[in-house]
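Take a look at the letters that make up each chain.
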Amino acid sequence: STATATSHAPKRRAKKGNYRFVVTAIGLPLKEKERWLQRYRGEVQRVADSMREWGSEADHELVSWVNKKVEDDTTGLRSDRMPPQEVVLSAREKMMLQRLDSGVLKSHDGSMRINVLQIRFALLQGLNQRLRHILPYVDLSTGLEYRMGHKLRRLGYCIFYDLKMDLLDTALRFTAQNSGNIPLNLDHQKKTLSSDCGNRDPGVSQCVFVQAFQQTQHVQASQLRLSEPAGRIFSVSFVNEAGIDAGGVYREAMTEIVTDLHSPEFSLMILCPNGVHKINNNMDKYIPNPRSSSPLAIQMLEFVGKLMGISLRTKATLPFNFPSYVWKGVLGQPLNATDLEGTDAYLVQSLNALTDAKMTASDFDLVYGGEVTFTTTSSNGDTVDLVPGGERVAVTYDRRNEYVSLVYAWRLHELDRQVAAMRRGLGCVVPLRLLQLFTWQQAEELVAGKPDVDLEDLKRHTEYRGFRPTDPAIVYFWRAMEGLNMDERSQFIRFVWGRSRLPLKGRPWPQTFKIQRQGGVGDETLPVTHTCFFSIELPDYSTEEILKTRLLTAITYGVGGILNG
């Protein structure tokens, strides 16, 4: 039989707290459904029992697998139309995705083989097909736990990515504004002088971020809601620097504005403790500075959120480099110990050691005896009392769990005010109610792209002028690119395009990359780029070694406009 069993919406709760489902057979004439279901009643029960073994982690893995399959497909495959029988894992995927049950149940008469993984996919697919129709009418912003909107936000990982993107793209389109370019006049000399004077605080710094903030304070949020790929919100010029903004100057300025946030020369944000302690987990991630609590600093953090919204709307993939702690906070998702470990692994390890179940009271006194008090350090190293007079209250063996709970409560909420400001700014530019359905990883990619430069994707979006793909110089070029590390590849993208990250895979590119022959020159000449047009003029170098040397020289010294055309 070609029939499949499908679970519909729950009718009422069973006595033991489980949901009771109505099961029907699809693909059979009406008269045969009841007979079929009666015949395979035992099999339906076995499938239902197997579904109880699935956890959220397994659903997350399955939906991620489906999302990648749709992303890699070139035929227009959609998750809600994918036949369940196509959900088949390769041997390598089975090793990597061990939570996914690929078992097969046989019917009692041997006439039917039931693939548990495919049944689970069919269940999720049915959920998504129904959500497509009802989500536009659900209040996803509610804070009441018993409301459907709150529950769906918590189940965002079960919603297929292409469905979420359809809804988000529609909302972006209907909330877009056709505003004129907002003028920005940025001064590198002022930035350098401010840095040389040690002006790091938000109130005195004149970095490019601060200059942009000061010049846009009175701009209405609606003017920032442009939804054109490669669209330009600002018309940028640099003081005493020649350049016509046909796109490249704008992209370079936006990248520099965001890069200033991730700098020790500006204290609105700080390197997370893992970076300070050189612990190899998110060492390069930045978080808001707990001291950034003045009205001016809060306004600046709202501007950070607006820039994140601009990046999402225009697909600029600006290089915001935040840990899950910040992304989840901006989305309104609850934080946990894993998020704290992603910013301060040393602290979490210390707390775990303090509550080791094998530790006795005498062991505790021997190791910690009076040295630990009811205080903790904030992300910037400041000491904070967890109870009144905490520095004078010693942590005892009996109170160690209380102490650990207080530390987590403080550290998981110490940046609430700062992150809330970023969230407000983001919500001014994009529909936050829909963005909350995305996982924090998906939101990060929508706003900031992926830091890794996929050379195969870049090749697919490359055209050649004056060269053929098989010419030696082009072969040398791609070999040289393969030899670069990810930081150097990002520098190259910025050198040729004014941005450091490529568009998301599967999303439209506003421009193709162009490699054109630079005629009448020899091996001693450096390549020249035109960031407005995402193009590079490449001499016909005689060897791969010479090409790589010239390319690295151009990347190292050309970013920022020295060699760019």
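One numbering rule holds for all chains: residues counted from 1, following each sequence as written. Since the coordinates come from a predicted model, pLDDT governs what is reported: local features require at least 70, and pairs of side-chain atoms require 80 or more to be given and counted, while whole-chain, interface and lining totals use all residues. Hydrogens and water are ignored here; the side-chain numbers use all heavy atoms of the structure.

**Quick word on the overall build of the protein chain**
For the purposes of this entry, the term helix denotes a DSSP run of H or I that reaches at least four residues, the term strand denotes a run of E that reaches at least two, and both are numbered from the N terminus. Of the regular secondary structure elements, the protein chain holds 24 helices and 16 strands. The principal-axis extents of the C-alpha atoms in the protein chain amount to approximately 80 × 70 × 45 Å. Throughout this description, buried means an accessible area under 20% of the type-specific maximum (1.4 Å probe, protein chains only), exposed means over 50%, and partly exposed covers the range between. Expressed as a percentage of the 565 residues in the protein chain, the buried residues total 47%. The contact rule is simple, with two residues in contact once any of their heavy atoms fall within 4.5 Å. In the protein chain, of all internal contacts separated by at least 6 residues, the share reaching a separation of at least 24 is 66%. For the area figures, the Shrake-Rupley method with a 1.4 Å probe applies, and any residue is considered shielded solely by the protein chains shown. Summing over all exposed atoms, the protein chain offers an accessible surface of approximately 28200 Å²; the carbon and sulfur share of this is 51%. Between the mean site of the 69 positive side-chain charges and the mean site of the 64 negative ones, the protein chain shows a separation of 10 Å. As used throughout, the charge tally considers Lys and Arg to be positive and Asp and Glu to be negative, leaving His and the chain termini uncounted. The location of each charge is read from NZ of Lys, CZ of Arg, CG of Asp or CD of Glu.

**Some points on the pattern of salt bridges**
Just to be clear on terms, a salt bridge is a Lys or Arg side-chain nitrogen sitting within 4 Å of an Asp or Glu carboxyl oxygen. All told, the structure shown has 26 salt bridges when counted by the stated rule. Measuring nitrogen to oxygen at the nearest pair gives 2.7 Å for the salt bridge that ties Arg-494 to Glu-252. With Arg-494 in helix H23 (residues 486–497) and Glu-252 in helix H10 (residues 248–261), the pair connects residues that are 242 residues apart, well separated along the chain. As far as the burial class goes, Arg-494 and Glu-252 line up, both buried. With its nearest N and O atoms 3.1 Å apart, the salt bridge here joins Glu-463 to Arg-465. Using a relative accessible area of 43% as the deciding quantity, one classes Arg-465 as partly exposed. Residues joined by salt bridges that share partners form a network here, namely Arg-78, Asp-80, Arg-132 and Asp-166.

**What about the packing of aromatic side chains?**
Any pair of Phe, Tyr and Trp rings, taking the six-membered ring for Trp, is counted once the centres come within 6.5 Å. Such a pair is stacked with planes under 30 degrees apart, edge-to-face with planes over 60 apart, and tilted for the rest. Summed over all chains, the structure comprises 18 aromatic pairs. Consider the rings of Phe-364 and Tyr-397, whose centres lie 6.0 Å apart with planes at 70°: the pair is edge-to-face. One end of the pair, Phe-364, is in helix H16 (residues 361–368); the other, Tyr-397, is in the loop between strand S12 (383–385) and helix H17 (400–411), with 33 residues separating them in the sequence. Since its relative accessible area comes to 1%, Phe-364 is described here as buried. Put simply, the rings of Phe-477, Trp-478, Phe-492, Trp-497, Trp-509, Phe-513 and Phe-534 pair up and form one aromatic cluster. A ring is considered to have a charge above it if a Lys NZ or an Arg CZ atom is located within 6 Å of its centre and within 35 degrees of its normal. Positioned above the aromatic ring of Phe-438, the side-chain terminus of Lys-164 is 5.2 Å from the ring centre.

**Brief notes about the packing of helix H13 (residues 324–331) against helix H18 (residues 416–429)**
It is at 8 Å that the axes of H13 and H18 come closest, and there the two elements cross at 55°. Viewed along their axes, H13 and H18 adopt a mutual orientation that is oblique. Crossing handedness for the pair H13 and H18: right-handed. Of the residues in H18, those in contact with Val-326, Gly-329, Val-330 and Leu-331 of H13 are Val-419, Met-422, Arg-423 and Leu-426. Lines fitted to C-alpha atoms define the axes here, with helix axes fitted over just the stretch in contact, and angles between the N-to-C directions of these axes take values from 0 to 180 degrees. Should an angle fall under 35 degrees it is taken as roughly parallel, and over 145 as roughly antiparallel, whereas 65 to 115 is taken as roughly perpendicular and any remaining angle as oblique. What makes a crossing left-handed is the near helix being turned counterclockwise from the far one by less than a right angle; a clockwise turn instead makes it right-handed.

**Section: the sheet that holds strand S16 (residues 535–538)**
Pairing between strands is defined by DSSP: at least two bridges between them are needed. Here four strands make up an open sheet; going across it, the order is S13-S14-S16-S15 and the pairing mixed. Looking at strand neighbours, the two that pair on one side only are strand S13 (462–465) and strand S15 (528–530), the edges of this open sheet. Pairs of neighbouring strands in the sheet enclose a mean axial angle of 20°, with direction left out of account. As defined by bridge partners, S13 adjoins strand S14 (residues 513–517) across four bridges and the pair is classed as parallel. The residue bridging Arg-465 from the neighbouring strand is Gln-516, located in S14. Those strands touched by helix H22 (residues 472–482) are S13, S14 and S16, and its axis lies near 135° from that of S14.

**Digging into the side chain of Thr-255**
Inspection of the secondary structure assignment puts Thr-255 in helix H10. Setting aside chain neighbours within four positions, we find Thr-255 in contact with Leu-318, Pro-319, Arg-494, Gly-498, Arg-499 and Ser-500.

**Here we look at the nonpolar core**
In plain words, nonpolar cores are sets of buried Ala, Val, Leu, Ile, Met, Phe, Trp, Tyr and Cys residues tied together by side-chain atoms within 4.5 Å. Within the largest apolar cluster, 97 residues are counted, with the highest numbers of intra-cluster contacts made by Phe-209, Phe-234, Val-304, Met-308, Phe-320, Tyr-403 and Leu-435. It is helix H12 (residues 295–314) that provides the largest number of residues to this core, a total of ten residues. Ignoring any residue separated from it by four or fewer positions in sequence, one finds Met-308 in contact with Phe-320, Phe-322, Trp-327, Val-330, Met-422, Leu-426 and Val-447. Membership of the second largest hydrophobic core comes to 29 residues, among which are Val-453, Phe-477, Met-481 and Phe-492.

**As for the pairing of strand S7 (residues 182–186)**
Across the two faces of S7 the burial differs, with Ile-182, Leu-184 and Leu-186 buried and Pro-183 and Asn-185 not buried at all. Note: S7 against strand S8 (residues 234–238), five bridges, orientation parallel. Each bridged residue has a counterpart across the sheet, and for Leu-186 the counterpart in S8 is Phe-238.

**Considerations on the environment of Asp-382**
Turning to its location among the elements, Asp-382 is positioned in the loop between strand S11 (375–377) and S12. Residue classification places Asp-382 among the partly exposed positions, given a relative accessible area of 28%. Between the C-alpha atoms of Asp-382 and Pro-290, which are 92 residues apart in sequence, the distance is 9.2 Å. With sequence-adjacent residues up to four places away left out, Asp-382 is seen in contact with Arg-291, Thr-376 and Thr-377. Polar contacts, as used here, are pairs of N or O atoms within 3.5 Å; protein pairs need one atom able to donate a hydrogen and one able to accept it. Residues neighboring in sequence count only if both atoms are side-chain atoms. Of the polar contacts made by the side chain of Asp-382, one reaches the side chain of Arg-291; its length is 2.7 Å. Looking at Asp-382, its side chain comes within polar contact range of the side chain of Asn-380, at 3.2 Å.

**Some points on unusual backbone geometry**
Most peptide bonds are trans, and most residues other than glycine sit at a negative phi. In this model, Lys-315 sits at a positive phi of 55°, which is unusual for a non-glycine residue. Here Lys-315 is to be found in the loop between H12 and H13. The backbone of Thr-317 shows a phi angle near 45°, a positive value even though the residue is not glycine. Inspection of the secondary structure puts Thr-317 in the loop between H12 and H13.

**Points about helix H15 (residues 345–354)**
Listed as buried for H15 are Ala-345, Leu-347, Val-348, Leu-351 and Leu-354. Structurally, H15 contributes buried residues whose contacts are with helix H11 (273–276), helix H14 (337–341), H16, S11 and H17.

**With respect to the confidence of the model for the protein chain**
What pLDDT expresses is the predictor's confidence in each residue, scored from 0 to 100. In the predicted model, the protein chain carries a mean pLDDT of 86, and 90% of its residues have values of at least 70. Every residue in residues 1–17 is under pLDDT 50, and counting partners more than four places away or in other chains gives 35 contacts.

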